[in-house]
Amino acid sequence: MLHAKTLVDLEGRFAFTSHLQAAVGAENLFDTYPDPNPAAVNPTGTAAFSNYSPFGRSGRFIYGRVSYDF
């Protein structure tokens, strides 16, 4: 049985000038994982989560970004 999951993404941006911006953020902020694969489809224990999860199987992703508009 699959269970519903709630994901939270968060990003903060700051404009230094009208051309220069910076951002930091996180996708899947609370590190939510999909339901584990049942033992019948994971006999070796090496594939804990499905590759076909709609939100991936890697958990939280944190990033930083700087952009400059010409």
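Residues numbered from 1 in each chain as written. Predicted model: local features only at pLDDT ≥ 70, side-chain atom pairs only at ≥ 80, totals over all residues. Heavy atoms only, no water.

S.K.: For unusual backbone geometry, give the residues involved together with the corresponding values.
M.R.: Within the chain, asparagine 28 stands out as a residue other than glycine whose phi angle is a positive 60°. Residue placement: asparagine 28 occurs in the loop between strand S2 (20–27) and strand S3 (61–68). In this model, aspartate 31 sits at a positive phi of 60°, which is unusual for a non-glycine residue. By relative accessible area, aspartate 31 is classed as partly exposed at 27%. (Helix = DSSP H or I, 4+ residues; strand = E, 2+ residues; numbered from the N terminus. Buried < 20%, exposed > 50% of the residue type's maximum accessible area, 1.4 Å probe, protein only.)

S.K.: Which residues make up the environment of lysine 5, and what are the values?
M.R.: Counting through the fold element by element, lysine 5 comes out in the segment before strand S1 (10–15). A relative accessible area of 34% means that lysine 5 is categorised as partly exposed. Separated by 43 residues in the primary sequence, lysine 5 and alanine 48 have C-alpha atoms spaced 17 Å apart. When near neighbours in sequence (up to four residues on either side) are disregarded, lysine 5 contacts Thr32, Tyr33, Pro34, Asp35 and Phe55. Polar contacts involving the side chain of lysine 5 include one to the main-chain carbonyl oxygen of tyrosine 33, which spans 3.4 Å. (Contact = heavy atoms within 4.5 Å. Polar contact = N/O pair within 3.5 Å; in protein donor to acceptor, adjacent residues only side chain to side chain.)

S.K.: Quick one: what's the story with the sheet that holds S3, residue by residue and with numbers?
M.R.: Ordered in space as S1-S2-S3, the three strands form an open sheet in which the pairing is antiparallel. Every other strand in the sheet has two partners, leaving S1 and S3 as the edge strands with one partner each. Each strand of the sheet is rotated relative to its neighbour by a mean of 10°, with strand direction disregarded. Summarising the sheet, S2 and S3 pair through eight bridges and their orientation is antiparallel. Across the sheet, glycine 25 pairs through a bridge with tyrosine 63, a residue of S3. (Pairing = 2+ DSSP bridges. Axes fitted to C-alpha atoms, helices over the stretch in contact; angles between N-to-C directions.)

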